[in-house]
Amino acid sequence: MSVRWRDLDAFNHVNNSKYLSYLEEARLHWMLSVPGQGLDEHVAPVVAAANLNYRRPIEWPAQVAIELFVDRLGNSSVSIGHRIIDASDDSVLYCDGNVVMVWIDRGNGRAAPLPEAVREACSSH
(Lines give C-alpha, C1' and ligand atoms only; values in the text may rest on other atoms or scores of the structure.)
Protein backbone atom coordinates (compact mmCIF):
# COMPACT_ATOMS: atom_id res chain seq x y z
CA MET A 1 0.00 0.00 0.00
CA SER A 2 1.31 3.44 -0.87
CA VAL A 3 1.44 6.11 1.80
CA ARG A 4 -0.39 9.15 0.47
CA TRP A 5 0.71 12.75 1.02
CA ARG A 6 -2.73 13.49 2.51
CA ASP A 7 -2.08 10.87 5.22
CA LEU A 8 0.56 13.10 6.83
CA ASP A 9 0.00 15.30 9.86
CA ALA A 10 1.69 18.51 11.01
CA PHE A 11 4.76 16.51 12.06
CA ASN A 12 5.23 15.17 8.50
CA HIS A 13 4.51 11.56 9.34
CA VAL A 14 1.43 9.43 8.92
CA ASN A 15 -1.29 10.49 11.34
CA ASN A 16 -2.09 7.76 13.86
CA SER A 17 -5.74 7.62 12.73
CA LYS A 18 -4.61 6.59 9.23
CA TYR A 19 -3.14 3.37 10.61
CA LEU A 20 -6.72 2.28 11.33
CA SER A 21 -7.66 3.07 7.72
CA TYR A 22 -4.74 1.01 6.42
CA LEU A 23 -5.80 -1.93 8.60
CA GLU A 24 -9.43 -1.57 7.54
CA GLU A 25 -8.39 -1.66 3.87
CA ALA A 26 -6.36 -4.84 4.44
CA ARG A 27 -9.23 -6.52 6.32
CA LEU A 28 -11.66 -5.62 3.53
CA HIS A 29 -9.36 -7.14 0.92
CA TRP A 30 -9.15 -10.29 3.03
CA MET A 31 -12.94 -10.38 3.49
CA LEU A 32 -13.43 -10.17 -0.27
CA SER A 33 -11.47 -13.43 -0.56
CA VAL A 34 -13.88 -15.22 1.82
CA PRO A 35 -16.76 -16.97 0.01
CA GLY A 36 -19.92 -15.05 0.84
CA GLN A 37 -17.72 -12.47 2.58
CA GLY A 38 -19.12 -13.49 5.97
CA LEU A 39 -22.14 -11.25 5.60
CA ASP A 40 -25.63 -11.53 4.20
CA GLU A 41 -29.07 -10.17 4.96
CA HIS A 42 -28.94 -11.82 8.41
CA VAL A 43 -25.40 -11.28 9.76
CA ALA A 44 -22.58 -8.76 9.38
CA PRO A 45 -19.18 -8.18 11.01
CA VAL A 46 -18.47 -5.13 13.18
CA VAL A 47 -15.30 -3.95 14.88
CA ALA A 48 -15.67 -4.52 18.62
CA ALA A 49 -12.16 -3.49 19.69
CA ALA A 50 -8.93 -2.21 18.19
CA ASN A 51 -5.48 -2.36 19.75
CA LEU A 52 -2.66 -0.55 17.97
CA ASN A 53 0.90 -0.33 19.22
CA TYR A 54 2.67 2.47 17.37
CA ARG A 55 6.30 1.35 17.10
CA ARG A 56 7.77 4.05 14.83
CA PRO A 57 6.48 6.83 12.57
CA ILE A 58 5.80 6.23 8.88
CA GLU A 59 7.27 8.96 6.75
CA TRP A 60 6.39 9.90 3.19
CA PRO A 61 7.13 8.56 0.63
CA ALA A 62 6.75 4.97 1.71
CA GLN A 63 5.31 1.64 0.71
CA VAL A 64 3.93 -0.41 3.57
CA ALA A 65 2.80 -4.01 3.82
CA ILE A 66 0.02 -5.07 6.14
CA GLU A 67 0.16 -8.57 7.57
CA LEU A 68 -2.99 -10.10 9.04
CA PHE A 69 -3.23 -13.31 11.02
CA VAL A 70 -5.72 -15.01 13.32
CA ASP A 71 -4.98 -14.41 17.00
CA ARG A 72 -8.10 -16.11 18.35
CA LEU A 73 -11.16 -17.72 16.85
CA GLY A 74 -14.31 -17.56 18.98
CA ASN A 75 -17.94 -18.59 18.62
CA SER A 76 -19.06 -15.24 17.22
CA SER A 77 -15.80 -13.37 16.84
CA VAL A 78 -12.29 -13.46 15.48
CA SER A 79 -9.32 -11.54 16.79
CA ILE A 80 -7.22 -10.52 13.80
CA GLY A 81 -3.60 -9.77 14.62
CA HIS A 82 -1.82 -7.26 12.44
CA ARG A 83 1.57 -5.81 11.62
CA ILE A 84 2.28 -2.79 9.46
CA ILE A 85 5.82 -3.08 8.11
CA ASP A 86 8.00 -1.47 5.46
CA ALA A 87 7.19 -3.19 2.16
CA SER A 88 10.86 -3.56 1.24
CA ASP A 89 12.26 -4.38 4.70
CA ASP A 90 10.10 -6.49 7.00
CA SER A 91 12.41 -5.76 9.93
CA VAL A 92 11.00 -2.21 10.00
CA LEU A 93 7.90 -2.49 12.17
CA TYR A 94 5.60 0.54 12.25
CA CYS A 95 2.65 -0.91 14.14
CA ASP A 96 1.31 -4.14 15.60
CA GLY A 97 -1.72 -5.21 17.61
CA ASN A 98 -5.12 -6.71 16.88
CA VAL A 99 -8.71 -5.98 15.99
CA VAL A 100 -11.66 -7.99 17.30
CA MET A 101 -14.42 -8.54 14.75
CA VAL A 102 -17.81 -9.73 16.02
CA TRP A 103 -20.55 -11.02 13.76
CA ILE A 104 -23.93 -9.65 14.71
CA ASP A 105 -27.49 -10.51 13.88
CA ARG A 106 -28.74 -7.59 11.76
CA GLY A 107 -32.26 -8.00 13.17
CA ASN A 108 -31.53 -7.72 16.87
CA GLY A 109 -27.96 -6.39 17.03
CA ARG A 110 -26.74 -9.30 19.16
CA ALA A 111 -23.76 -11.55 18.58
CA ALA A 112 -24.37 -14.25 15.97
CA PRO A 113 -22.44 -17.46 15.31
CA LEU A 114 -19.34 -16.98 13.19
CA PRO A 115 -20.25 -17.86 9.58
CA GLU A 116 -18.78 -21.20 8.52
CA ALA A 117 -17.01 -19.62 5.51
CA VAL A 118 -15.21 -17.21 7.85
CA ARG A 119 -14.31 -20.02 10.28
CA GLU A 120 -12.89 -22.06 7.39
CA ALA A 121 -10.93 -19.07 6.01
CA CYS A 122 -9.45 -18.40 9.47
CA SER A 123 -8.56 -22.04 10.04
CA SER A 124 -6.85 -22.52 6.69
CA HIS A 125 -4.48 -19.54 6.96
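Please read these numbers as outputs of a predicted model, since none were measured by experiment.

A. Quick peek at helix α1 (residues 16–32). Along its 17 residues, α1 runs 25 Å from first to last C-alpha, staying within 8% of the 24 Å computed at 1.5 Å per residue. Within α1, the full set of buried residues consists of Tyr19, Tyr22, Leu23, Ala26, Arg27, Trp30 and Met31.

B. How the structure looks around the packing of aromatic side chains. Here the structure, examined in full by the defined rule, presents two aromatic pairs. Where tyrosine 19 meets tyrosine 54, the ring centres are 4.9 Å apart and the plane angle is 80°; that geometry is what we call edge-to-face. Of this pair, tyrosine 19 sits in helix α1 while tyrosine 54 sits in strand β1 (residues 43–54), placing them 35 residues apart in sequence. Its relative accessible area of 41% is what places tyrosine 54 among the partly exposed residues.

C. Representation of the sheet that holds β1. Strand order in the open sheet formed by four strands is β1-β4-β3-β2, with antiparallel pairing between adjacent strands. Looking along the sheet, the strands with just one partner apiece sit at the ends: β1 and β2 (64–73). Strand-to-strand twist in this sheet, taken as the mean axis angle between neighbours without regard to direction, amounts to 25°. Looking at chain direction, β2 and strand β3 (residues 77–86) are connected through nine bridges and run antiparallel. Opposite isoleucine 66, over in β3, you have isoleucine 84 as the bridge partner.

Here is what the cut-offs are and how they apply
- Residues numbered from 1 in each chain as written.
- Predicted model: local features only at pLDDT ≥ 70, side-chain atom pairs only at ≥ 80, totals over all residues.
- Heavy atoms only, no water.
- Helix = DSSP H or I, 4+ residues; strand = E, 2+ residues; numbered from the N terminus.
- Expected span 1.5 Å × (residues − 1).
- Buried < 20%, exposed > 50% of the residue type's maximum accessible area, 1.4 Å probe, protein only.
- Phe/Tyr/Trp six-rings, centres within 6.5 Å; stacked < 30°, edge-to-face > 60°.
- Pairing = 2+ DSSP bridges.
- Axes fitted to C-alpha atoms, helices over the stretch in contact; angles between N-to-C directions.

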